[in-house]
Amino acid sequence: MAPQFKSKRQQKIWEQQQREAAVQRENPSSFENQSPFRQAERYYKHTMDFSDVFDFHNLEDNIQAIRDEIVEIELTLDLREACPYPLGDPHEVAWIPRRRKAYTLKKCPGLVFIPNPLGAHEQRQLIRQCLTDYARPPNKSNLDPHYFHIPSEGLWQAHISHPTATLTKQSDQSQVPLAHLIPKLRWVTLGYQYNWTTKEYELDQRYPVPQPLADLSETVVRAISGTTNTTPSRPFKAEAGIVNFYQIRDTLQGHVDRSEDSMDAPLVSLR
Ligand SMILES: O=C(O)CCC(=O)C(=O)O
């Protein structure tokens, strides 16, 4: 979608840049030195054809080559029954037929996809917790290095209690309303805090992983253990996490989490 332009000249420059970028995209040499992640991202950013993307929610709509790749597996337990944190009604009619259902890929047996274990109410509850309970000091967020005195109750609660409150920006001491800062929240780290400058965990800054997330991830790991090649080498305990907040056009760039101490410990991703 074209942005709003303040002048015809600005629009012409933008259109010219778009044309140049399209030519560049077609140029195979511009793909050199790019990781496969970047190449795929670049490709999918500009295509309308997602027929070769896995769709676990509508299995029948996948092209044959993808259907051949997807393998249905059975979880060792019913997540809704086993998880101490409520995920949804285990007797819900729509849940019963898929209570143990999960999928993996022939070429990637370490990946297990569990479709929608959380009910609608529980999803909203978790989203609320992410904004209110988890996005608070001492958990660090992307805003911490840029603003003085992040309120101890978190930005969301502080904004609800004091709608006109502001924070002081460190670079120029300007006052920024909390209402403008909430959409700028990108991530909050949980458990062992991560240092994005050194790209290492801060072993002396360890806070409890919120119990709901610890319960949920530990139950997921129990449910998948032994189903494919996914049995962890030691008992799993959630020690670190990140809550990513996405605005409408945001994406998570493909990457490898190289800072992990143990590369065979499970990574549980909720989305
Ligand atoms: O959301 C995910 O699955 C992984 C998140 C992640 O790796 C990150 O934010 O660095």
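Quick notes on the rules
Residues numbered from 1 in each chain as written. Predicted model: local features only at pLDDT ≥ 70, side-chain atom pairs only at ≥ 80, totals over all residues. Core = buried A, V, L, I, M, F, W, Y, C linked by C-beta atoms within 7 Å. Buried ≥ 20, exposed ≤ 12 C-beta atoms within 10 Å, placed from the backbone. Helix = DSSP H or I, 4+ residues; strand = E, 2+ residues; numbered from the N terminus. Contact = placed C-beta atoms within 7 Å. UniProt positions renumbered as here; feature names shortened; annotations may be inferred. Pairing = 2+ DSSP bridges. Axes fitted to C-alpha atoms, helices over the stretch in contact; angles between N-to-C directions.

Peer 1: How should the nonpolar core be read in this particular structure?
Peer 2: Within soluble globular proteins, side chains that are nonpolar generally end up buried alongside one another. Among the nonpolar cores identified, the biggest contains 29 residues, and Y134, A135, L190, V220, I224 and V243 are the most heavily contacted of them. For this core, the secondary-structure elements that each account for two or more residues are helix 5 (120–134), helix 7 (178–181), strand 6 (187–195) and helix 8 (211–224). Ranked by residue count, the leading element in this core is helix 8, at 6 residues. Apart from the residues lying within four places of it in its own chain, the contact partners of L190 are Y134, N139, V209, P210, L213, A240, G241, I242 and V243.

Peer 1: Even after reading the chapter, I still don't get unusual backbone geometry, so can you show me in this structure?
Peer 2: Negative phi is the rule for most residues except glycine; trans is the rule for most peptide bonds. Cis rather than trans, the peptide bond between P137 and P138 has omega equal to 10°. Inspection of the secondary structure puts P138 in the loop between helix 5 and helix 6 (154–161). Positive phi, close to 40°, is recorded for N116, a residue that is not glycine. Locating N116 in the fold gives a position in the loop between strand 3 (108–113) and helix 5. Taking the number of C-beta atoms within 10 Å as the measure of exposure, N116 has 14 and is therefore partly exposed. Of note in the backbone geometry, K199 takes a positive phi value of approximately 60° without being a glycine.

Peer 1: Where do I start with the UniProt feature "binding site: Fe cation" (unreviewed entry) in the protein in this structure?
Peer 2: Taken from the UniProt record, the annotation "binding site: Fe cation" (unreviewed entry) applies to H255 and D257. Summarising the element assignment, H255 is placed in the segment after strand 8 (240–244). Here D257 shows up in the segment after strand 8.

Peer 1: What's the story with the sheet that holds strand 2 (residues 101–105) in this structure? I'm lost.
Peer 2: Within a sheet, neighbouring strands are paired by backbone hydrogen bonds and run either parallel or antiparallel to one another. Across the sheet, which stays open at both edges, the 3 strands sit in the order 1-2-3 with antiparallel pairing between neighbours. Two strands bound the open sheet, and with one partner strand each, they are strand 1 (70–74) and strand 3. Averaged over all pairs of adjacent strands, the angle between strand axes in this sheet comes to 35°, irrespective of strand direction.

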